[in-house]
Amino acid sequence: MSRPGSIVTGAYPMTRPRRLRQAAWSRNLVAETHLTVHDLIWPLFVVEGRQQQQEISSLPGVYRWSLDLLVPQVAKAASLGIPMVAVFPVVDPSLKNPAGSEALNPDNLINRAIRAIRQTVPEIGIMGDVALDPYTSHGHDGLFDEPSGRVLNDATVKVLVEMALGLVKAGCTVLAPSDMMDGRIGAIRQRLEAEGLDQVLILSYAVKYASGFYGPFRTAIGSAGNLGKSGKQTYQMDPANSDEALREVALDLQEGADMVMVKPAMPYLDLVRRVKDQFAVPTLAYQVSGEYAMLKAAGQMGWLDYDRVMMESLLGCKRAGADAILTYAALEIAERLKGN
Ligand code: PBG
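Just so you know, these numbers come straight off a predicted model, no measurement behind them. (Residues numbered from 1 in each chain as written. Predicted model: local features only at pLDDT ≥ 70, side-chain atom pairs only at ≥ 80, totals over all residues. Heavy atoms only, no water.)

### Remarks on the site of the ligand
This is how the line gets drawn: Proximity is defined per residue: if any heavy atom of the residue lies within 4 Å of a molecule or strand, that residue is considered near it. The term polar contact refers here to a pair of N or O atoms within 3.5 Å; inside protein, the definition further demands a hydrogen-donor-capable atom paired with an acceptor-capable atom, and it admits residues adjacent in sequence only when both atoms are side-chain atoms. Cavities and pockets were defined on a 1 Å grid built over protein atoms only: a cavity is a set of grid points that admits a 1.4 Å probe from which the probe cannot escape, a pocket is an open set flanked by protein on both sides within 12 Å along at least five of seven lines, and lining residues are those with an atom within 4 Å of any such point. Criterion for pocket placement: a molecule counts as inside a cavity or pocket if more than half of its atoms are within 2 Å of its grid points. In this classification, Asp, Glu, Lys and Arg are treated as charged, Ala, Val, Leu, Ile, Met, Phe, Trp, Tyr, Cys and Pro as nonpolar, and every other residue, Gly included, as polar.
Around the ligand sit 18 residues in total, of which Arg 218, Lys 232, Lys 263, Ser 289 and Tyr 328 are the nearest. Within the side chain of Gln 236, one N or O atom sits 3.0 Å away from an oxygen atom of the ligand. Separating an oxygen atom of the ligand from a side-chain N or O atom of Ser 289 is a distance of 2.7 Å. In a pocket analysis with a 2 Å cut-off to the grid points, the ligand is assigned to the largest cavity. Class assignment of the residues belonging to the shell around the ligand gives a composition of eight nonpolar, three polar and seven charged.

So, in structure tokens, the structure goes:
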């Protein structure tokens, strides 16, 4: 990392920074950061049914796909060189209950989706979200104790371990716990070791903030439940904090995570940089639904040049230190990069 004190610079007029900016060739020559297709992870939504491509009103250009249409989308992503997809299930409300028990059904929607992808597109990484929110009637990521109003930590971890195992059995290669319970990475890693599943990667959502930017995602999968005003603040991080993020990452690495994630991205790029500098481990950024929606909406209004600000935002993540980025724009960006 460069320290300001170590930078040697001359003085005007002998030094003119604009010299290097005057032509495309010289700008390209000295560009420090590059976005490639290998930096992109594509989140997709899967829904029951056949021939379904459902529009999500708060995420223009993002769809809920039925399985028969989802798999060709993933195949397209793989053919463009996108290394990994993240699939999120839209669970029928009739299958939701306070315990989120559908999460443990070996034939639930997500496990069927993972099996189908693994079979048809074996070369792509499949990231499976480990959290109960798609399955719980209250919308929390864990077991909710009504009388105390608390999300129970250790009891939830036990369920998450079983859920994670189900995802792996279906063919998931990267477990991504997004629930923010304490100790879940260690519990999942220990269980994987005990089962002889030592090749399964864990991407921890280690630095996940209690953010308003998840709104369109919750609409997309119908997980807003009855979260109420306080939402997920008792387990997701306080946007005011950053030292705490380093402790979260340290714990998750000790417990056996291979990669860590900062989420959302743009309001938290300082954390991407701090985590990368401090730990030097694969650090990912999640450009979440609200970030995508914001850029898209302003583009549709004619207020911003969407293509340009999307690329600029992704480059910002990379410049901050991200090794890869989850973005709903992954496919369009991959196509654009190929065209270049
Ligand atoms: C579930 C989960 C969430 C997202 C990814 N996994 C939502 C939440 O925590 O409420 C959000 C992704 C996005 O907004 O794009 N634990």
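### Some points on the environment of Pro 239
What counts here: A run of H or I in DSSP counts as a helix once it spans at least four residues, and a run of E counts as a strand once it spans at least two, with each numbered from the N terminus.
Position of Pro 239 among the secondary structure elements: in the loop between α6 (215-221) and α7 (243-255). As a C-alpha pair, Pro 239 and Pro 267 span 28 residues in sequence and 9.1 Å in three-dimensional space.

### Structural notes on the pattern of salt bridges
Condition: Basic side-chain nitrogens of Lys or Arg form a salt bridge, by our definition, when they fall within 4 Å of a carboxyl oxygen of Asp or Glu. For every residue, the accessible area obtained with a 1.4 Å probe (protein chains only) is divided by the maximum for its type, and the residue is called buried under 20%, exposed over 50%, and partly exposed between those limits.
What the rule picks out here adds up to 17 salt bridges. A salt bridge links Asp 68 to Arg 50; its shortest N-O distance comes to 4.0 Å. Within this pair, whereas Asp 68 is found in helix α2 (residues 67-80), its partner Arg 50 is found in the loop between β1 (40-47) and β2 (53-55), the two being separated by 18 residues in sequence. Note on Asp 68: relative accessible area 23%, which makes it partly exposed. You can call Arg 50 exposed: its relative accessible area is 61%. Between Arg 273 and Asp 277 there is a salt bridge, with its nearest N and O atoms 3.0 Å apart. A residue pair is termed a helical-turn pair when its members lie 3 or 4 positions apart in one helix, as Arg 273 and Asp 277 do in helix α8 (residues 269-279) at four residues. A single salt-bridge network, built from bridges that share partners, covers Lys 296, Asp 307, Glu 332 and Arg 336.

### Overview of the layout of surface pockets
Which entries qualify depends on this criterion: Grid points are joined across faces, edges and corners, and a volume is the space filled by probe spheres set on the points.
The calculated volume of the largest pocket comes to roughly 320 Å³. What lines the largest pocket is Pro 17, Leu 20, Arg 21, Arg 27, Val 30, Ala 31, Glu 32, Thr 33, Leu 315 and Arg 319. Within the residue set of the lining of the largest pocket, elements represented by two or more residues are α1 (24-30) and α10 (306-320). The residue inventory of the lining of the largest pocket, partitioned by class, reads five nonpolar, one polar and four charged. Approximately 210 Å³ is the volume attributed to the second largest pocket. Forming the boundary of the second largest pocket are 15 residues, of which Asn 153, Met 180, Asp 182, Thr 234 and Tyr 235 lie nearest the centre. Where the lining of the second largest pocket is concerned, the elements lending two or more residues are β7 (150-152) and α7. Tallied by class, residues from the lining of the second largest pocket come to five nonpolar, five polar and five charged.

### Thoughts on a nonpolar patch on the surface
What counts here: Exposure above 30% relative accessible area and the lack of any salt bridge qualify a residue for a patch; like charges then connect within 9 Å, and the nonpolar side chains Val, Leu, Ile, Met, Phe, Trp and Tyr within 5 Å. Here the accessible surface of atoms and residues is derived via Shrake-Rupley with a 1.4 Å probe, and residues count as covered only by protein chains that are part of the display.
On the surface, Leu 20, Trp 25, Leu 29 and Val 30 cluster together into a nonpolar patch covering about 470 Å² of accessible area. As for its placement among the helices and strands, Leu 29 is situated in helix α1.

### Remarks on the pairing of strand β5 (residues 125-130)
Inclusion rule: When DSSP locates at least two bridges between a pair of strands, those strands are taken to pair. The handedness rule is simple: strands pointing away from the viewer, and a clockwise path from the first strand over the helix to the second, make the crossover right-handed.
Of all the six residues making up β5, six are buried; the element is thus mostly covered by neighbouring parts of the structure. Residue alternation in β5 divides its side chains into two sets, Gly 125, Met 127 and Asp 129 and Ile 126, Gly 128 and Val 130, and both sets are buried. Relative to β5, strand β4 (residues 84-89) runs parallel, the two being bridged by four bridges. Each bridged residue has a counterpart across the sheet, and for Ala 86 the counterpart in β5 is Met 127. The parallel pair β4 and β5, bridged by helix α3 (residues 109-120), forms a crossover whose chirality is right-handed. Judged from the four bridges that link them, β5 and strand β8 (residues 174-177) form a sheet pairing that is parallel. In the strand pairing of β8, Met 127 is matched with Val 174.

### So, the packing of α2 against α3
The test is simple: Axis definition: a line fit to C-alpha positions, over the contact stretch in the case of helices; interaxial angles, taken between N-to-C directions, run 0 to 180 degrees. Each angle is binned into one of four classes, with values under 35 degrees roughly parallel, values over 145 roughly antiparallel, values of 65 to 115 roughly perpendicular, and all other values oblique. Each crossing is labelled by how the near helix is turned from the far one, with a counterclockwise turn of less than a right angle marking it left-handed and a clockwise turn marking it right-handed. By the convention used here, residues are in contact when the closest approach between their heavy atoms is within 4.5 Å.
Closest axis-to-axis distance for the α2/α3 pair is 10 Å, and the angle between their directions is 45°. Here α2 is positioned oblique relative to α3, judged by the angle of their axes. Between α2 and α3 lies a crossing of right-handed hand. Within the contact between the two elements, α2 uses Leu 67, Leu 70, Val 71 and Val 74 and α3 uses Arg 112, Ala 113, Ala 116, Ile 117 and Thr 120. Taken together, the residues that form the contact of α2 with α3 break down as seven nonpolar, one polar and one charged.

### Thoughts on empty space enclosed by the protein
In total, this model carries three cavities of 30 Å³ or more according to the counting rule given. What the largest cavity holds in volume is close to 140 Å³. The wall of the largest cavity is formed by 16 residues, among which Asp 133, Lys 208, Tyr 214, Phe 217 and Lys 263 lie closest to the centre. In the lining of the largest cavity, the residues fall into six nonpolar, three polar and seven charged. Counted as a void, the second largest cavity has a volume near 40 Å³. Around the second largest cavity, the lining residues are Val 87, Pro 89, Ile 110, Asp 129, Pro 134, Tyr 135, Met 163 and Leu 167. Within the residue set of the lining of the second largest cavity, elements represented by two or more residues are β4 and α4 (153-170). Of the residues assigned to the lining of the second largest cavity, the class counts are seven nonpolar, no polar and one charged.

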